[in-house]
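# Tertiary structure, described
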Amino acid sequence: MKKIIAVTGCPTGIAHTFMAEEALKTAAKKLNIEIKVETNGASGVENPITPDDLKNIYGVIIAADKDVNAERFNGLPVIEVPVKEAIHHPADLINKVVSGLAIRRQGTTPSSESADQYEQESFGRQIYKHLMSGVSNMLPFVVAGGILIALSFLWGIYSADPNSPQYNVIAATLMKVGQQAFSIMVPVFTAYIAWSISGRPGMVAGFVGGLLANATGAGFLGGIIAGFAAGYFMLLIRNLLNGLPRQYEGLKSIFIMPLVGVLVIGVLMVLLGKPVAAINNGMMSWLSSLQQANPILLGIVVGAMCSFDFGGPVNKAAYVTGTLLLGQGNFFFMAGVSAACITPPLVIALATTFFPKGFSEEERAAGMVNYILGCTHITEGAIPFAAKDPLRVIPMMMIASSISAVLSYSLHIEVPAPHGGFLILPLVNKPLTWVLCILAGSVCGAVMLGCWRLWQKRSQEAMALANAIK
């Protein structure tokens, strides 16, 4: 019996990856089609695809926003889509593969307008996947380092300073370890962008480019430039050296490519470091000043970004900005970002609890899970509900998150850790106030969503009754 092979993966490897897996399995079961799904989560690859699995198959579905070694499927019918597509439309993807509509990877595509469009979309998707590969590999360093730094503050804000009366050896050790983990987030981010593009040679040049981005103050923006420059430059070098005899393969991969890559990307970042640093510092200064001058506007912007795509690239842009400012000692910005990210799943949880008649039994069960997801800063729990009615639900979530963020900024709350949700409350300067800010936004969103679902359900019942009478 023929089957379908699928691979899922998201930047953080926490929620989207496994939601896509579940959606594909559920849809395949309903369609009576056998499927095997490999997940590329935060803990690594689970249920890996083997060479035997690729025999007698309809094709492959790759639903991923990061690199998942797609080259192993070259020559097979493959559909490559964002991970959210598998969550929202799993049956459509399965039907396309079964119907033979998948294009053979690295094969000849029809010379039509649709094929050209496919290639164009594929290039944009690749750029996004390379970027998300960097983010995915960077996040564990950010979270681990940030939380260790935050824990050191339990002994006092100056407890890591040997010249301070608050000095504590344990706090100083936590601070030192956390700072080391935090300090390499840009080099790791840059290295994995380049690795996603051109493999190990790109990673070497990318890592050095990231170190120089740190050294010159170019930061995250410089890291993006260095990562893509290193990746595509090493692709070019590899193509130029393809004519070398096979006996020089070791010389090429161990000596020539790393040397040329590190030299060129290193010089590039030395030249671009200061201009990019000026842009980077200007942006950070503007955000910091906006925080003091207009916390309401900043809260609206941050709240809207965090709830626009629930863990996607727009959400990640706000989150990464918060972590960068955190590294500069700005603990206010992250308070709004965290509040905005925690709010959407709590909106779902509260709405299903206090407006149960507006939701199905399955939705109410999922709503209870969102209490846990929200309290631990996992925004993705809101995705299944938003996917059913995005044009209405997403704006409600954006309003709710904006309220939480605006209140957090207006009340000058400080959150020194980049993740953890309510687990890091002992580290927050005003823990109870921060929780109330988040609950205020969540309750507003829950009321909007709950009232809308009740009205929608009653309208459907009234329409059904009217049709029955006719």
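Since the structure is predicted, the reported quantities are computational estimates derived from the model, not experimental observations. (Residues numbered from 1 in each chain as written. Predicted model: local features only at pLDDT ≥ 70, side-chain atom pairs only at ≥ 80, totals over all residues. Heavy atoms only, no water.)

### Focus: the nonpolar core
The biggest cluster of nonpolar side chains holds 64 residues, and the ones touching the most others in it are Val337, Val415 and Trp434. Among the elements that line this core, the one with the most residues is helix H12 (residues 332-354), at nine residues. When residues are assigned to domains, this core turns out to be shared by domain 2 (123-277) and domain 3 (294-469), each giving three or more. With near-sequence residues (within four places) excluded, tryptophan 434 lies in contact with Ala335, Ser338, Ala339, Ile342, Ser408, Ile413, Val415, Gly421, Phe422, Leu425 and Val428. Formed by 25 residues, the second largest nonpolar core is a distinct cluster that contains Ala6, Cys10, Ile35 and Ile79. (Core = buried A, V, L, I, M, F, W, Y, C linked by side-chain atoms within 4.5 Å. Buried < 20%, exposed > 50% of the residue type's maximum accessible area, 1.4 Å probe, protein only. Helix = DSSP H or I, 4+ residues; strand = E, 2+ residues; numbered from the N terminus. Domains from an automatic or database assignment. Contact = heavy atoms within 4.5 Å.)

### Examining the sheet that holds strand S1 (residues 3-9)
Pairing within the open sheet is mixed, and its six strands lie in the order S3-S2-S1-S4-S5-S6. The open sheet has two free edges, formed respectively by strand S3 (44-46) and strand S6 (103-104), since each of these has just one partner strand. Inspection of the sheet shows strand S2 (residues 34-41) paired to S3 by three bridges, in the antiparallel sense. Each residue of the ladder has a partner; that of threonine 39, found in S3, is glutamate 46. Across the sheet, helix H1 (residues 16-30) is in contact with S1, S2, S3 and strand S4 (57-64); its angle to S2 comes to roughly 180°. With respect to the sheet, helix H3 (residues 90-98) is in contact with S1, S4 and strand S5 (77-81), its orientation differing from that of S4 by roughly 145°. (Pairing = 2+ DSSP bridges. Axes fitted to C-alpha atoms, helices over the stretch in contact; angles between N-to-C directions.)

### Thoughts on the UniProt feature "transmembrane region" (unreviewed entry) in the protein
In the UniProt entry, the feature "transmembrane region" (unreviewed entry) is given for residues 138-157, 177-195, 207-234, 254-272, 293-311, 331-355, 393-412 and 432-455. Helix makes up 95% of residues 177-195 and strand 0%, whereas the separation of the span's terminal C-alpha atoms amounts to 26 Å. Between the C-alpha atoms that bound residues 207-234 there is a distance of 13 Å. The span itself is 93% helix and 0% strand. (UniProt positions renumbered as here; feature names shortened; annotations may be inferred.)

### Considerations on the packing of aromatic side chains
As enumerated under the stated definition, the model contains five aromatic pairs in all. Here the aromatic rings of phenylalanine 228 and tyrosine 232 are separated by 6.4 Å at their centres, their planes lie at 10°, and the arrangement is stacked. Of this pair, phenylalanine 228 and tyrosine 232 both sit in helix H8 (residues 219-240), separated by four residues, roughly a single helical turn. On the accessibility criterion, tyrosine 232 (30% relative accessible area) is partly exposed. Ring centres of phenylalanine 333 and tyrosine 409 lie 6.1 Å apart, and the angle between their planes is 40°; on these two criteria the pair is classed as tilted. Separated by 76 residues along the polypeptide, phenylalanine 333 in helix H12 and tyrosine 409 in helix H15 (residues 390-410) bring together distant segments of the chain. (Phe/Tyr/Trp six-rings, centres within 6.5 Å; stacked < 30°, edge-to-face > 60°.)

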